[in-house]
Amino acid sequence: MTTSTDLLYGKNPTELAALCAELGMPRFAAGQLARWLYGRHTEDPMAMSDLALRHRERLAERFRPSLSAPLRAWESVDGTKKYLFRTLRGALIESAYIPDGERATLCVSSQAGCRMGCRFCATGRQGLQHSLTAAEILNQIVSLPERDRLTNLVFMGMGEPLDNPDEVLRALEVITAPWGFGWSPTRVTLSTAGVVPQLRRLLDETSVHLAVSLHNPFSEERAAIMPVERAWPVAEVAAILRTYDFTHQRRVSFEYILLSGMNDSPRHVRELCRLLDGIKCRINLIRFHKIPDSPYFSPDDAAMIRFRDALTARGIHTTIRASRGEDIRAACGLLSTAEGRDDR
């Protein structure tokens, strides 16, 4: 099993300084390591030419490489690209590159599979294979062919990010720290189904945007499609969010996949307004991407617009997210599931 301790990529300056002290390297070498790792995206110690040869050799003996190019790529007619990566433990994960005018967003995975069990999600059918290390999360960014075009990053791929909090927070630190990638936190959004024990930690330790996978405001109905509701009710998530300020740079949104005849009625509009009262937020309405053997389907465009307008009329800023990449099975988990079957 690979852990972050086996990998050089993903370590922060404190860990790099401790490593330098352990190996008898000068203190300033920690800064050199960080620049090679996160400025030049070079993890091979032997390529770090400003380090003494003996130190490079010791680092090379101790740490295994973690960065690798995607195995395969699929491109949609709309320009969306889906990339398939293999983790260090042999599992398959997906990333989606979504160009949109001057914006280019990458959707990254935080786990191989997922144990949340959402009924509408192909990844949930896989179960959890393993959580990703920070290096495996970051690899989806740095090994992306379009890396230098990226403007935004969303943790909305395979897995529940707050079910892997230590490694996700480690990756977020690298992405947003001046010694790391130096991205503004406003370029990053993390999506969660509502893992309450880790939610405050995320909000207190980072400044990234938050997206909550809601999908139904009624507890019993939500639990029928999202088992996480029984452990951590969305009402508890909403109560926590009311204690934070989302009026300045940080934003909170609620993701809502419209499922025809299940969560698209006027009573759902009323309950959404009650549930989210007091939270400055937006709702993103999402069309359901069909997955094999699923009983769910999206309402038509007119129904989507009616639902959006009903929420907007009640004071909640609501948008309909454009569907992207359906022709390349862009719904989360579909490609890795299919490729995993082919591997066997």
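Please refer to the structure placed before this passage.
Per chain, residue numbering runs from 1 following the sequence as it is written. Local features are withheld for residues below a pLDDT of 70 in this predicted model, meaning they are given only at 70 or higher, and side-chain atom pairs are given and counted only at 80 or more; totals for whole chains, interfaces and linings count all residues. Hydrogens and waters are ignored; side-chain quantities use all the structure's heavy atoms.

**Notes on the overall build of the protein**
Now for step 1: Every helix listed is a DSSP run of H or I at least four residues long, and every strand listed is a run of E at least two residues long, numbered separately from the N terminus. Secondary structure summary: the protein contains 13 helices and 12 strands in total.
Now for step 2: Its C-alpha atoms put the protein at 70 × 45 × 40 Å along the principal axes.
Now for step 3: Classification of residues uses two cut-offs on accessible area relative to the type maximum, computed with a 1.4 Å probe and protein chains only: under 20% is buried, over 50% is exposed, and between them is partly exposed. Within the protein, the fraction of its 344 residues that count as buried is 56%.
Now for step 4: The contact definition used throughout considers only heavy atoms, calling two residues in contact when any of these lie within 4.5 Å. By sequence separation, contacts in the protein at least 24 residues apart represent 68% of the contacts at least 6 residues apart.
Now for step 5: Only the protein chains shown count as cover for residues, and all accessible areas are computed by the Shrake-Rupley method using a 1.4 Å probe. Put simply, the protein shows about 15,100 Å² of open surface, and 49% of that area lies on carbon and sulfur atoms.

**Structural notes on the nonpolar core**
Now for step 1: We define the nonpolar core as a collection of buried residues of types Ala, Val, Leu, Ile, Met, Phe, Trp, Tyr and Cys that are connected through side-chain atoms lying within 4.5 Å of one another. Grouped together as the largest cluster of nonpolar side chains are 84 residues, with contacts concentrated most on F155, F181, L241 and F254.
Now for step 2: With 7 residues, helix α2 (residues 29-39) is the single largest residue contributor to this core.
Now for step 3: With residues near it in sequence (within four places) discarded, F181 still touches Y9, Y38, H41, L138, I141, V142, V174 and I175.
Now for step 4: In this structure, C121, A193, I225 and I257 belong to the second largest nonpolar core, which totals 16 residues.

**Observations regarding the sheet that holds strand β3 (residues 92-100)**
Now for step 1: Strand order across the open sheet formed by 10 strands is β1-β2-β3-β4-β7-β8-β9-β10-β11-β12, with mixed pairing between neighbours. Strands at the two margins of the open sheet, each flanked by one partner only, are β1 (72-75) and β12 (317-320). Each adjacent strand pair in this sheet contributes to an overall mean axis angle of 20°, direction not counted.
Now for step 2: Strands pair, by our definition, only if DSSP identifies at least two bridges between them. In this sheet, strand β2 (residues 81-86) lies alongside β1 in antiparallel orientation, the contact comprising 4 bridges. Note on β2: the bridge partner recorded for E75 is K81. In this analysis an axis means a line fitted to C-alpha atoms, helices contributing only their contacting stretch, and an angle means the value between N-to-C directions, from 0 to 180 degrees.

**Quick look at the pattern of salt bridges**
Now for step 1: By definition here, a salt bridge exists when the distance from a side-chain nitrogen of Lys or Arg to a carboxyl oxygen of Asp or Glu is within 4 Å. Under the defined criterion, the tally for this structure stands at 17 salt bridges.
Now for step 2: Two residues, E15 and R170, come together in a salt bridge whose shortest N-O distance is 2.6 Å. Placement of the pair is E15 in helix α1 (residues 13-22) and R170 in helix α6 (residues 165-176), with a sequence separation of 155 residues.
Now for step 3: For R170, a relative accessible area of 18% gives the class buried.
Now for step 4: Among the salt bridges present, the one from K82 reaches E94, with a minimum N-O distance of 2.7 Å. Placement of K82 in strand β2 and of E94 in strand β3 is noted, with a sequence separation of 12 residues between them.

**Quick word on the environment of L259**
Now for step 1: Inspection of the secondary structure puts L259 in the loop between β10 (252-258) and α11 (266-275).
Now for step 2: Sequence separation between L259 and H130 is 129 residues; the distance between their C-alpha atoms is 30 Å.
Now for step 3: Discounting chain neighbours no more than four positions away, the residues touching L259 are I225, D264, F288, Y296, F297 and P299.

**Comments concerning unusual backbone geometry**
Now for step 1: Of note in this structure, H41 is not a glycine but carries a positive phi near 55°.
Now for step 2: In this structure, H41 sits in the loop between α2 and α3 (53-62).
Now for step 3: Positive phi values are uncommon outside glycine, yet H215 reaches one of about 70°.
Now for step 4: Among the structural elements, H215 can be located in the loop between β9 (209-213) and α8 (219-225).
Now for step 5: A relative accessible area of 5% means that H215 is categorised as buried.

**A word on the packing of α1 against α2**
Now for step 1: Following both chains from N to C, one finds α1 and α2 inclined at 125°, their axes separated by 8 Å at the closest point. The orientation of α1 relative to α2 falls into the category oblique. For α1 against α2, the interelement crossing comes out right-handed. Contacts from P13, L16, A17 and C20 in α1 reach A29, A30, L33, A34 and L37 in α2.
Now for step 2: Three classes are used, and their members are as follows: Ala, Val, Leu, Ile, Met, Phe, Trp, Tyr, Cys and Pro are nonpolar, Asp, Glu, Lys and Arg are charged, and the others, Gly among them, are polar. Its residues placed into classes, the contact of α1 with α2 shows 9 nonpolar, no polar and no charged. Roughly parallel covers angles under 35 degrees, roughly antiparallel covers those over 145, roughly perpendicular covers 65 to 115, and oblique covers all other angles. Crossing handedness follows the turn of the near helix against the far one: under a right angle anticlockwise gives a left-handed crossing, and clockwise gives a right-handed one.

**A short note on the packing of aromatic side chains**
Now for step 1: Aromatic rings from Phe, Tyr and Trp, with only the six-membered ring used for Trp, were paired whenever their centres fell within 6.5 Å, and each pair was classed as stacked if the ring planes differed by under 30 degrees, edge-to-face if by over 60, and tilted otherwise. In total, this model carries 5 aromatic pairs according to the counting rule given.
Now for step 2: Put simply, the rings of Y9, Y38, W179 and F181 pair up and form one aromatic cluster.
Now for step 3: Sitting over the face of the ring of W36, R40 holds its NZ or CZ atom 4.0 Å from the ring centroid.
Now for step 4: Looking at R267, its charged tip hangs above the ring of F218, at a distance of 4.6 Å from the centre. By definition here, charges over rings are those cases where NZ of Lys or CZ of Arg is within 6 Å of the ring centre and within 35 degrees of the ring normal.

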